[in-house]
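# Examining the three-dimensional arrangement
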Amino acid sequence: MKKTTLGTWIVRFIFCIAVIATYKMFDNLLYIFNWVKSFFNMLTPFIIGGAIAFLLFPICKKVEVLLSKTKKPFIVKRTRGLATLIVVIFALMVISAVLLLLVPMIYNSIVDFISAVPEYLTDVYNFLSEHIKDTAIINEVINDIKNYFSFENIAKFFTSLDYNSYLNGITSVFSGVFNTLIGAIISVYLLLDRKSIKKMLIRIGYISLKPKKIKKISEIASKIAKVIYTFIFGQMLDAFIIASCIGVILSLFGINNSIVLAIVYFLFALIPYFGSIIGVISVFLLSLVSGNIQQCLMATVIALLMQQLDTNVVNPKVVGHVVGIRPLYVILGITLFGGMFGFVGFFLGPPLMSIVIELFIEFIKLRENKKNQACDSLAQKGIIARIKDSVSFDEDFKNTSSDLEDIFYDGG
């Protein structure tokens, strides 16, 4: 009988511990998910800061190159800090200008709408009086509306509100604003220390992975960054061009709150495919409550014409085929990532889906190469008879990766 060694008992003990840990993990899966969620909530400022630094990095890099060309030693020695400072101040100025422009206009639109409600009701009453002969029905409808908006019903509505949910909503809003502010501060430090962070990541990579894998990961990361940068700045430029044209044309035609309509269209136009359509609908609804029917129709027609110009001319020229995947996968990306990350997911859905497909194709290529190398190795050893069919199979499917690219990517 073979004697059991101490090492065997240790292996068995570790295996039993692993089985128990796995069972307890599945038994407390909800607790683990909540812990992971809490962990990522704590890291929210760093995630926001990383996203802001990622967006500002190419601008900082270009400003840094421009500053390094100056002959003043004081500027040359501090190019990174000065570039970061200039970009941050410029970003704050742009955000402040948009808020100072947008908030008063939204407030004025709400005030104009509230003050115009009696006039709208009078127009509706006159319209109904002209087309409906039985005034008793009209009076009954008006009395029902008055009773619905009576003081007792309004007081009952406010007393039945769940104030805890509103307080939670207010708390989450302030928490989001606080995390954004902390994230903005963190982004400044990330931009200043980006070279040291890069060196640290490279050192960790070299002690953890093979040089070949590090090179492959670096190539994939560069490709991902290029796709995201090109898409974001292209989409923003495209939305800005069309929204500016809409604002100018609406102002020339004397449409009320034309700048607000243009900004709203710009925000929705950031979403690929659906955004510009939702932007046209938003222009219709906002112009309906802030002006008369004639202005509403005029604003809607102008926005619709500009949306068609954007779809057929401007967007292909500015954004081009950056993402390149077929419309079906673009819609899938918008739906999937939009459901996971909200507005940011709607905006970044197409490039993220393109990255997922690119990684999937790279994985298929890697597996095919390993399989082909294994077959070639066996063939060189003389084991031809056993793998003959397998080799012919691989010859037939050597172009599988190109077939995959035809499936996912839009050749047009």
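Residues numbered from 1 in each chain as written. Predicted model: local features only at pLDDT ≥ 70, side-chain atom pairs only at ≥ 80, totals over all residues. Heavy atoms only, no water.

### A short note on the overall build of the chain
Note the following rule: A run of DSSP states H or I qualifies as a helix once it reaches four residues; a run of E qualifies as a strand once it reaches two. Both are numbered from the N-terminal end. The cut-offs for exposure are 20% and 50% of the maximum accessible area for each residue type, with area from a 1.4 Å probe on protein chains only; residues under the lower value are buried, those over the upper are exposed, and the others partly exposed. In what follows, a contact means two residues having at least one pair of non-hydrogen atoms within 4.5 Å. Note on areas: Shrake-Rupley with a 1.4 Å probe; residue coverage comes only from the protein chains shown.
Counting secondary structure elements, the chain contains 17 helices and zero strands. Buried positions account for 25% of the 412 residues belonging to the chain. Of the contacts formed within the chain by residues at least 6 apart in sequence, a portion of 67% connects residues at least 24 apart. Total accessible area computed for the chain in this model is approximately 29100 Å², and 71% of it derives from carbon and sulfur atoms.

### Describing the nonpolar core
As a rule of thumb, nonpolar side chains are buried together in soluble globular proteins. Our working rule: By nonpolar core we mean a set of buried residues, namely Ala, Val, Leu, Ile, Met, Phe, Trp, Tyr and Cys, connected to one another through side-chain atoms within 4.5 Å.
Formed by 23 residues in total, the largest nonpolar core has its most connected members in I242, I246, L250, Y265, V283 and F347. Breaking this core down by element, the ones donating at least two residues are α10 (211-252), α11 (258-269), α12 (275-290), α13 (293-318) and α15 (343-380). The element best represented in this core is α10, accounting for eight residues.

### As for the packing of α10 against α13
Our working rule: To define axes, lines are fitted to C-alpha atoms, for helices over the stretch in contact only, and angles between the resulting N-to-C directions are given on a 0 to 180 degree scale. In this scheme, roughly parallel covers angles under 35 degrees and roughly antiparallel covers those over 145, while 65 to 115 is roughly perpendicular and the rest are oblique. Handedness of each helix crossing follows the sense of rotation of the near helix against the far helix: counterclockwise by less than a right angle gives left-handed, clockwise gives right-handed. Amino acid classes used here: Ala, Val, Leu, Ile, Met, Phe, Trp, Tyr, Cys and Pro are nonpolar; Asp, Glu, Lys and Arg are charged; the rest, including Gly, are polar.
Interaxial distance between α10 and α13 falls to 10 Å at its minimum, and their mutual angle equals 150 degrees. One way to sum up the angle between α10 and α13 is to call them roughly antiparallel. For the pair α10 and α13, the sense of crossing is right-handed. Only A299, I302, A303, M306, D310, V314, N315 and V318 of α13 make contact with α10, whose side of the interface consists of G234, Q235, L237, D238, I241, I242, C245, I246, I249 and L250. In terms of residue class, the contact of α10 with α13 is made up of 13 nonpolar, three polar and two charged.

### Some remarks on a positive patch on the surface
Using the following cut-off: Residues enter a patch when their relative accessible area is above 30% and they make no salt bridge; the linking distance is 9 Å between like charges and 5 Å between nonpolar side chains (Val, Leu, Ile, Met, Phe, Trp, Tyr). In what follows, salt bridge is the name for a side-chain nitrogen of Lys or Arg lying within 4 Å of a carboxyl oxygen of Asp or Glu. In this tally, Lys and Arg are treated as positive and Asp and Glu as negative; His is ignored, and so are the chain termini. Taken as the charge centre is NZ of Lys, CZ of Arg, CG of Asp or CD of Glu, depending on the residue.
Taken together, the side chains of K210, K212, K213, R367 and K370 define a basic patch exposed on the protein surface. Residue assignment for the positive patch shows that the elements contributing at least two residues are α10 and α15. Mapped onto the elements of the fold, R367 is located in helix α15.

### Things to note about the pattern of salt bridges
Tallied over the full model, the rule gives one salt bridge. The shortest N-O distance in the salt bridge between R194 and E64 comes to 2.4 Å. Residue R194 is found in helix α9 (residues 194-208), and its partner E64 is found in helix α3 (residues 44-68); the two are separated by 130 residues along the sequence. For the pair R194 and E64, one class covers both residues: buried.

### Comments concerning the packing of α10 against α11
Between α10 and α11, the shortest axis-to-axis distance is 8 Å and the interhelical angle comes to 160 degrees. Viewed along their axes, α10 and α11 adopt a mutual orientation that is roughly antiparallel. The chirality of how α10 crosses α11 is right-handed. Between α10 and α11, the contacting residues are Q235, M236, A239, F240, I242, A243, I246, G247, L250 and S251 on the first element and S258, L261, A262, Y265, F266 and A269 on the second.

### Some points on a nonpolar patch on the surface
On the surface, Y31, W35, V36, F39, F40, M42 and I47 cluster together to form a nonpolar patch covering roughly 790 Å² of accessible area. Residue contributions to the nonpolar patch peak at six residues, all from helix α2 (residues 29-42). One can find M42 in helix α2.

### Let's talk about the confidence of the model for the chain
Filter applied, for reference: pLDDT: the predictor's confidence for each residue, scored from 0 to 100.
Summing up the model confidence of the chain, the mean pLDDT is 77 and the portion of residues at 70 or higher is 74%. Element-level mean pLDDT values for the chain span from 47 in helix α16 (residues 384-396) up to 88 in α3.

### Observations concerning the packing of aromatic side chains
Rules: Aromatic rings from Phe, Tyr and Trp, taking only the six-membered ring of Trp, are treated as a pair when their centres fall within 6.5 Å; an angle between ring planes under 30 degrees marks them as stacked, one over 60 as edge-to-face, and anything in between as tilted.
Throughout the structure, instances matching the rule amount to two aromatic pairs. Here F54 and Y229 contribute two aromatic rings whose centre-to-centre distance is 4.3 Å and whose plane-to-plane angle is 10 degrees, an arrangement assigned as stacked. Of this pair, F54 sits in helix α3 while Y229 sits in helix α10, and the two are 175 residues apart along the sequence. Taken together, a centroid distance of 6.3 Å and an interplanar angle of 25 degrees make the contact between Y229 and F233 stacked. Linking Y229 with F233, this pair stays in helix α10, spanning four residues, or about one helical turn. Taken together, F54, Y229 and F233 form an aromatic cluster joined through their ring pairs.

### So, the side chain of T79
In this structure, T79 sits in helix α5 (residues 79-131). With a relative accessible area of 11%, T79 lands in the buried category.

### Brief notes about the environment of F343
Along the chain, the position of F343 falls in helix α15. Between the C-alpha atoms of F343 and L270, which are 73 residues apart in sequence, the distance is 9.6 Å.

### Topic: the environment of V63
Assignment of secondary structure puts V63 in helix α3. Spatially, the C-alpha atoms of V63 and V87 are 8.0 Å apart, while their sequence positions differ by 24 residues. Ignoring sequence-local partners within four residues, the contact set of V63 consists of A83, I86 and V87.

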